[in-house]
Amino acid sequence: SVIDIGCGFGGFMFHAAKHHGVRVTGLNTTTEQVGWLRGEIGRRGLAAQLDVREADFRDVDRQYDKVVSIGVLEHAGRDQLAEVVRAHAGFLKPGGLGMLHFIGHVGRYDTDLFIRKHVFPGGWIPSLADVIVEMERCGLEVVDVENLRRHYAPTLDAWAERFAANWDRIRALDPGRFDERFRRVWTAYLVGCSEMFRSPAERTHLFQVVFSKGN
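Residues numbered from 1 in each chain as written. Predicted model: local features only at pLDDT ≥ 70, side-chain atom pairs only at ≥ 80, totals over all residues. Heavy atoms only, no water.

1. Remarks on the side chain of S69
Right, on to step 1. Locating S69 in the fold gives a position in strand β4 (residues 64-70).
Right, on to step 2. S69 sits in the buried class, given a relative accessible area of 0%.
Right, on to step 3. Looking at S69, its side chain comes within polar contact range of the side chain of H88, at 2.8 Å. (Helix = DSSP H or I, 4+ residues; strand = E, 2+ residues; numbered from the N terminus. Buried < 20%, exposed > 50% of the residue type's maximum accessible area, 1.4 Å probe, protein only. Polar contact = N/O pair within 3.5 Å; in protein donor to acceptor, adjacent residues only side chain to side chain.)

Set out below in structure tokens:
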């Protein structure tokens, strides 16, 4: 049994079910994503293997063999780090394994003002050290830390290229919301972040931490 904290549109869930035959519960706070994902699970005939709950990440109701968290920690907010890490620990059975994948700083720094104001209001990029301290306080053992910064630059390049190639389709969804300002903000964000992750002088990285609960 696996819980995917902040499951988005279920990409990891479908992959895990197809390739590993596991049972996955997705946890999501976004009503639109939950509704779409429930329909897609039904369409694929995977209701016996996959399910999704709309709930706060901190509402722990049971424990799982494995915990997966991909790109959630950055959206918890500066003052919620301890609570969210504690919830990750709470979802995991004793002896279980988890994976925490997040953008993090080396050292304590403010999240870029442009990103906070225009892209992710309320988002906060935590330091790797602070995350590990909170994990230790929750009784989690850090098994491995991998830095995927070098992989993330080409990922952002691909997103920027696809955003530009599909702009007419995006604008057609809602011309009032997806206007020229929106296009310029997101282009600046994607291209700027790709260069940020490409630069060895930057302090922003992409960490993947494997952890266990007990020995």
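2. Some words on the packing of aromatic side chains
Right, on to step 1. This structure, assessed with the given rule, holds 13 aromatic pairs.
Right, on to step 2. Taking the centre distance of 4.8 Å and the plane angle of 90 degrees together, the rings of Y152 and F197 count as edge-to-face. Of this pair, Y152 sits in helix α6 (residues 149-165) while F197 sits in helix α8 (residues 180-198), and the two are 45 residues apart along the sequence.
Right, on to step 3. Summarising the aromatic geometry, the rings of F163 and F182 are spaced 6.4 Å apart at their centres and angled 45 degrees between planes, so their arrangement reads as tilted. One end of the pair, F163, is in helix α6; the other, F182, is in helix α8, and 19 residues separate them in sequence.
Right, on to step 4. Taking the relative accessible area as the measure of exposure, F163 reaches 13% and is therefore buried. (Phe/Tyr/Trp six-rings, centres within 6.5 Å; stacked < 30°, edge-to-face > 60°.)

3. Focus on the pairing of strand β5 (residues 92-105)
Side-chain positions along a regular strand alternate between the two faces of the sheet.
Right, on to step 1. The element β5 is extensively covered by neighbouring structure, given that 10 of its 14 residues are classed as buried.
Right, on to step 2. A crossover connection joins β4 to the parallel β5 through helix α3 (residues 81-91); in handedness this β-α-β unit is right-handed.
Right, on to step 3. Bridge analysis of β5 against strand β7 (residues 204-213) gives nine bridges, and the strand direction is antiparallel. Bridge pairing in β7 links H101 to Q208. (Right-handed = clockwise from strand over helix to strand, strands pointing away. Pairing = 2+ DSSP bridges.)

4. A short note on the sheet that holds strand β6 (residues 140-147)
Right, on to step 1. Read across the open sheet, the seven strands follow the order β3-β2-β1-β4-β5-β7-β6; overall the sheet is mixed. Two strands in the sheet have a free side with no partner beyond their single neighbour: β3 (50-54) and β6. With direction set aside, neighbouring strand axes in the sheet form an average angle of 20 degrees.
Right, on to step 2. Sheet contacts for helix α2 (residues 31-43): β2 (24-28) and β3; angle to β3, the most-contacted strand, approximately 160 degrees. (Axes fitted to C-alpha atoms, helices over the stretch in contact; angles between N-to-C directions. Contact = heavy atoms within 4.5 Å.)

5. Some points on the packing of α3 against helix α5 (residues 128-137)
Right, on to step 1. In the contact formed by α3 and α5, the axes pass within 9 Å of each other and the chain directions differ by 50 degrees. What the angle tells us is that α3 and α5 run oblique. Here α3 runs over α5; the crossing is right-handed. Note on element contacts: α5 touches α3 through D130, V131, E134 and M135, opposite L81, A82 and V85.
Right, on to step 2. Of the residues assigned to the contact of α3 with α5, the class counts are five nonpolar, no polar and two charged. (Parallel < 35°, antiparallel > 145°, perpendicular 65-115°, else oblique. Left-handed = near helix turned anticlockwise from the far one by under 90°. Nonpolar A, V, L, I, M, F, W, Y, C, P; charged D, E, K, R; others polar.)

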